[in-house]
Amino acid sequence: MTDVSKKFQERVQLYKDAARHKKTSRVLNLANIWTWKICNSGYKLSEALFDYDKMEDIVCKFHEKYEFDYYMDYGLRNPLRIADTLGFTDYQINDDTCALSYVTDISYMTEEDYDLIIENYDKFLWTKCMPGRYKNLRGSNAKEMLKKAAQELITYQKFCVQMNSQMEEDYGVPLCLFAGVPSVLNSFETLYLAFRGMKALSMDLRRIPDKVKAVCRALGNGRAFEKYKASTQQGTDMHTGPDFSLYLLAHVILSKKQFEEFYWPLLKEIFDFVEKYDKIVHIFNESENSRLYDFYKQAPKGHVVVHFENDDLFKAKKEIGDNVCLCGGMPSDLLARGTKDECVAYAKRLIDELAADGGFIFSQDKMISYPNDCSAANLLAVNKFVQEYRI
Amino acid sequence: MADLNLLTKAMGELDEDQVMSTISDFMASNPSKEDTLKMMNACQQGMAVVGDLFDSGEYFVGDLIYAGELLTKTIETIKPALKGESSAKVGKMVLGTVQGDLHDIGKNIFKSLAESAGFEVYDLGIDTPPEDFVNKAKEVKADIVGLSGILTLASESMKNTVDSLNSDGLRDKVKVIIGGNLVTSDLCSFVGADAFTTNAAEGVKICQGWVK
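Visitor: Sorry, what's going on with the overall build of chain B here?
Guide: When its secondary structure is counted, chain B shows nine helices and five strands. Shown N-terminal to C-terminal, the secondary structure of chain B runs as helices and strands in the order α-α-α-α-β-α-β-α-β-α-β-α-β-α. Taken over the C-alpha trace, chain B has a radius of gyration of 18 Å; the compact-globule value for 212 residues is 17 Å, and the two agree within 12%. Its C-alpha atoms give chain B principal-axis dimensions of about 55 × 35 × 30 Å. Here chain B holds 212 residues, and the buried ones make up 51% of them. A fraction of 72% describes how many contacts in chain B between residues 6 or more apart in sequence connect residues 24 or more apart. Surface summary for chain B: the accessible area is close to 8,900 Å², and the carbon and sulfur share equals 47%. Where the 19 positive side-chain charges of chain B centre and where its 32 negative ones centre are 8 Å apart.

Pasting the structure below:
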């Protein structure tokens, strides 16, 4: 077995063991690093996001420098070449500040469209949502534009496969979480992110809750999950960390009571599925989530990794640490503005208190995206420590 | 005259139908300015109930968005009866999402709650450069400057804005509060703000404490 293969197997095993709450000799270090890696690469953001060769160079050099065990993203999160072909203009790139920002919260459906989604989802998608979102799908040459976008999609998918293979074969790093392992986007998230938007969905929850529930029931955990379920086999895949991933973003508008009503049935289905088929799911949770701990207490032990953004992980460990494997914890505030010693001391505390009996994966608390989100020197010091520290 | 307690209760319970029917009946009665101000006050008290229910966990962010929309709709309906008169203001606040950040939902929730608490709010919108905060704060003689942001890049913009307030000699004349998903105690110190919050209702209470 080559050194690269050994590294690969060690990393997969560390992920599985953490998820299964087994004690490990060291913790797995997961990079919650996004466009920040571009900002430090010497390439402009505007060129890297549109040039897959440059992105590949950035991702590989970044890994050679920081040597994370695992990655959320290999530069795959913003497929702007496809979006641009379709005439998507709701974003801004600022090379001076190395910032990519999306215009937020645009609604691409009306209250009336809830019925259409249930009656004929594809009709809604292709006659309402997509032309609303992409201006090039509104004109007479829409089919031509769609063909070009499909070509870009194929190019993007090839790049995803290539990046994931290269990271495995050259560096022994398993499939990344975004566009690597399969990902589930449930119906509530789809309404929030892609169709209705935060503001309009918040109004709908009060004005037409039955219609929101009806769409959630009809679309469930989405087509990708149905496809995944249909082809799944018993047992976790020993070639990846998690078997699939899930992003909880839309829950930020929901009270505990609303979560139980609108979201919990979808999450419960995931919990039941991973338990039944012995799978592992990695769930990224935006914002602060302590109001939802009662639901996470119902997670099947050994099957759910929960990556928290703003939660106090020491508190979370006490409350739900017996049920879920926790991930995250390293404050971006500290990485950005603390000293190396302060950062390493905090990393040590996280590992000592959260990983002593297993059930913890080390990562940054926020999605590190902009130049001042993190100091390179601090990140290097922390990564060296995490790599070498034995529990 | 409508039942003010009923209106406060309906607003607190976010009962849109009840609120709007009470307001419509009231407007149909050709109300006096004095009675209209009382109605406005009853709505504001209802919003205070919303803030309390948010604090207790009964309501969450989506409810605050809904409450803000309901209040805006109510005020727009009542406004003609005020004939230009407005209720007494407790203080002036300049508010905006800082430079580089395009998010405004959190800011708008805070704005609704602040206005219902009696603040005169000057909303500068999103992606607001430091000089715009400085110029508006000078122009209106603001008591408070509120800086909102979601993206982590907003931390630098918040600091730049506070630095600009400093260099223009305004920092001692205004209180600065920062809000949004990214703010923490550490960030508050780094930025040089007076207070921080991830909770709009709590933020408004902090501001009320400053203008007492």
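Structure's up, so let's keep going.
Visitor: How should the packing of aromatic side chains be read in this particular structure?
Guide: For the coordinates displayed, the defined rule picks out 36 aromatic pairs over all chains. Plain terms: the ring middles of Phe244(A) and Phe273(A) are 6.0 Å apart, the flat faces sit at 65° to each other, and that makes the pair edge-to-face. You can see Phe244(A) sitting in strand β6 (residues 244-248) and its partner Phe273(A) sitting in helix α13 (residues 256-277), a full 29 residues away along the chain. One exposure class covers both Phe244(A) and Phe273(A), and it is buried. Measuring from ring centre to ring centre gives 6.3 Å for Phe314(A) and Tyr346(A), while their planes differ by 70°; the resulting arrangement is edge-to-face. Here Phe314(A) is found in helix α15 (residues 313-320), whereas its partner Tyr346(A) is found in helix α17 (residues 340-354), with 32 residues between them in sequence. Overall, the relative accessible area of 25% leaves Tyr346(A) in the partly exposed class. If you follow Lys213(A) out to its NZ or CZ, it ends over the ring of Phe262(A), 5.5 Å from the centre. The ring of Phe190(B) has Lys159(B) sitting right over it, with the charged end atom 5.4 Å from the ring centre.

Visitor: How should I be thinking about the interface of chain B and chain A in this particular structure?
Guide: The parts lose accessible area when they come together, and the size of an interface is often stated as this lost area. Contact with chain B, which involves 30 residues of that partner, is made by 30 residues of chain A. Note on chain B versus chain A: buried area summed over both sides is about 2,500 Å², and carbon and sulfur give 56% of it. If you sort the residues of chain B by the area they bury against chain A, Phe60(B), Leu102(B) and Thr152(B) come out on top, with a joint share of 23%. At the boundary of chain B and chain A, one finds 11 residue pairs in polar contact (both at pLDDT 80 or more). When contributions to the side of chain B that touches chain A are tallied by element, the ones reaching two or more residues are α4 (61-82), α7 (154-167) and α8 (185-191) of chain B. Per-element tally for the side of chain B that touches chain A: the top contributor is α4(B), with seven residues. Classifying every residue of the side of chain B that touches chain A by side-chain character gives 13 nonpolar, eight polar and nine charged.

Visitor: When you look at the sheet that holds strand β2 (residues 70-71) of chain A in this model, what are you seeing that I'm missing?
Guide: Adjacent strands of a sheet form backbone hydrogen bonds with each other and so pair up, either parallel or antiparallel. Residue and element names in this part refer to chain A. With parallel pairing, eight strands are arranged side by side in an open sheet as β2-β1-β10-β9-β8-β7-β6-β5. The open sheet is flanked by β2 and β5 (183-184), the only strands paired with a single partner. Here strand β1 (residues 29-31) pairs with strand β10 (residues 360-364) via two bridges, running parallel. Its bridge partner lying in β10, Asn 29 is registered against Phe 362. Each of β2, β7 (281-285), β8 (304-308), β9 (325-330) and β10 is contacted by helix α1 (residues 3-19), which is oriented at about 110° to β10, the strand it contacts most.

Visitor: What is the right way to look at the nonpolar core in this model?
Guide: Membership of the largest hydrophobic core comes to 176 residues, with the highest contact counts inside it found for Phe188(A), Phe195(A), Ile253(A) and Phe362(A). When residues of this core are assigned to domains, at least three map to each of domain 1 (4-82) and domain 2 (91-210) of chain B. Among residues more than four places away in sequence, those in contact with Phe362(A) are Val27(A), Leu28(A), Asn29(A), Leu30(A), Gly328(A), Met330(A), Ala347(A), Leu350(A), Ile351(A), Val382(A) and Val386(A). Judged by nonpolar contacts, the second largest core, of 23 residues, contains Ala142(B), Val174(B), Val176(B) and Leu187(B).

Visitor: What's the story with α13(A) in this structure? I'm lost.
Guide: Because an α-helix packs 3.6 residues into every turn, residues spaced three or four apart end up facing the same way. Residue Tyr263(A) marks the point of greatest curvature in α13(A), where the axis turns by about 60°; the proline Pro265(A) follows within four residues. Along α13(A), the positions that sit buried rather than exposed are Gln258(A), Phe259(A), Phe262(A), Tyr263(A), Trp264(A), Leu266(A), Leu267(A), Ile270(A), Phe271(A), Phe273(A) and Val274(A).

Conventions and cut-offs
- Residues numbered from 1 in each chain as written.
- Chains lettered and ligands numbered in written order.
- Predicted model: local features only at pLDDT ≥ 70, side-chain atom pairs only at ≥ 80, totals over all residues.
- Heavy atoms only, no water.
- Helix = DSSP H or I, 4+ residues; strand = E, 2+ residues; numbered from the N terminus.
- Rg over C-alpha atoms; globule rule 2.2 N^0.38 Å.
- Buried < 20%, exposed > 50% of the residue type's maximum accessible area, 1.4 Å probe, protein only.
- Contact = heavy atoms within 4.5 Å.
- Areas by Shrake-Rupley, 256 points an atom, 1.4 Å probe, with all protein chains shown as cover.
- Lys, Arg positive; Asp, Glu negative; His and termini not counted.
- Charge placed at Lys NZ, Arg CZ, Asp CG, Glu CD.
- Phe/Tyr/Trp six-rings, centres within 6.5 Å; stacked < 30°, edge-to-face > 60°.
- Lys NZ or Arg CZ within 6 Å of the ring centre and 35° of its normal.
- Buried area = accessible area lost by both parts, 1.4 Å probe.
- Polar contact = N/O pair within 3.5 Å; in protein donor to acceptor, adjacent residues only side chain to side chain.
- Nonpolar A, V, L, I, M, F, W, Y, C, P; charged D, E, K, R; others polar.
- Pairing = 2+ DSSP bridges.
- Axes fitted to C-alpha atoms, helices over the stretch in contact; angles between N-to-C directions.
- Core = buried A, V, L, I, M, F, W, Y, C linked by side-chain atoms within 4.5 Å.
- Domains from an automatic or database assignment.
- Bend = angle between axes of the 7 residues up to and from the residue.

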